[in-house]
Amino acid sequence: MIDITVRDEVAVITLNRPEKLNALTEGMRRDLAAAVRAHGDGSARGIVVTGTGRAFSSGEDINQAVDRSLLDEVELFHDLTRAVLEARVPVVAAVNGLSVGGAAEWTLCFDARVGTPGAEYFWPENHIGLSVSNASSLLLSRLVGGGRALRLVLDSSRISAEEAQRLGILDEIVAPDALLDTAIGLVHRWTLPGTATGVHLRLLRPSLEEVERAFAAETEAAKEVEGSGIAKAGMDRFVNRDR
């Protein structure tokens, strides 16, 4: 469900579960973190992550997660963010469509996010009874400002590609057939011979120390919603919504 190719010295990681809108299973999240680490050591000039079909990813596969520990689920997402921030090369999201929940949150730590006109962002956790993860409690505010971040999460409403670009979530919108070329071209431009990109990634990315503090706070929030029962009730509603 994850394809990895190297194109023009850039590792392209593609979520390939289009029949489920690239919903992320436990195994997919482990494989994604491993793939980012495998190519983030400098063996590739950079990494591009994209999806197959009409979604980048619909986020956590709640049908599989409903009977699992929420804390385990949250930690899997946190490790995806760690893997990106530990990478020694640029990591770019090529957002080909709908990006939801934990997948949308994951892209916030990327060094750039390029989208198509059909890209959408959606954080539904609040209305399901879940809490956000991936250090998005820090990273979303860093991108759009605290007040806007709060509104996006509490409203649980979809935002279009144009709105995402206006807010600073998407850096660029391009035609679908230009998406991968644009993302790969960005990596090439940032990694020309003689550039000090590795140094600036370390200087300008959010520090792992502050991200780990956000992880710890989000883990405590996950304990609260799990302990109260609202998370399980919300996931059950979601799983049974069409039955």
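All chains use their own residue numbering, which begins from 1 and follows the written sequence. The predicted nature of this model means local features are confined to residues of pLDDT at least 70 and side-chain atom pairs, given and counted, to a pLDDT of 80 or more, with totals for whole chains, interfaces and linings taken over all residues. Water and hydrogen atoms were dropped before computing side-chain values, which therefore reflect all heavy atoms in the structure.

- Under an unreviewed UniProt entry, the name given to the protein is Enoyl-CoA hydratase/isomerase family protein, and the organism recorded is Nonomuraea ferruginea.
- Per UniProt, the protein carries the Sequence similarities (unreviewed entry) text "Belongs to the enoyl-CoA hydratase/isomerase family." UniProt positions are given in the numbering used here, feature names are shortened, and annotations may be inferred rather than shown by experiment.

Thoughts on the overall build of the protein
- Summing up its helical and strand segments, the protein has twelve helices and ten strands in all.
- The C-alpha atoms of the protein give 17 Å as radius of gyration, which agrees with the globular expectation for 243 residues (18 Å, within 12%).
- Its C-alpha atoms give the protein principal-axis dimensions of about 55 × 35 × 35 Å.
- Remark: exposure states derive from per-residue accessible area (1.4 Å probe, protein chains only) relative to the maximum for the residue type, with buried under 20%, exposed over 50%, and partly exposed in between. Taken across its 243 residues, the protein has 51% of its residues classed as buried.
- The contact criterion used is simple: two residues touch if any of their non-hydrogen atoms lie within 4.5 Å. Long-range contacts, defined here as pairs at least 24 residues apart, represent 76% of the contacts in the protein between residues at least 6 apart.
- His is not counted, nor are the chain ends, whereas Lys and Arg count as positive and Asp and Glu as negative. Lys charges are placed at NZ, Arg charges at CZ, Asp charges at CG and Glu charges at CD. One way to put it: in the protein the 26 positive side-chain charges average out to a point 1 Å from where the 35 negative ones average out. The way it works is that DSSP assigns letters per residue, a run of H or I at least four long becomes a helix, a run of E at least two long becomes a strand, and they are numbered from the N terminus. Radius of gyration means the value over C-alpha atoms here, while the globule rule gives 2.2 Å times the residue count to the 0.38 power.

Here we look at the nonpolar core
- Joining through side-chain atoms within 4.5 Å is the link that ties buried Ala, Val, Leu, Ile, Met, Phe, Trp, Tyr and Cys residues into a set, and such a set is a nonpolar core. In terms of nonpolar packing, the biggest core is built from 48 residues, with W106, Y121, W123 and I169 touching the most fellow members.
- Excluding anything up to four places from it in sequence, W123 contacts G101, A104, E105, L108, L140, L152, V153, S156, I159 and I169.
- If you look at the next biggest cluster of nonpolar residues, it comprises 13 residues, including V10, V12, A112 and V187.

Things to note about unusual backbone geometry
- Phi angles above zero are rare outside glycine, and L21 is one such case at about 55°.
- Within the fold, L21 resides in the loop between β2 (10-15) and α1 (26-39).
- Residue classification places L21 among the partly exposed residues on the basis of a relative accessible area of 23%.
- Of note, the phi angle at A135 is positive, near 60°, even though the residue is not glycine.

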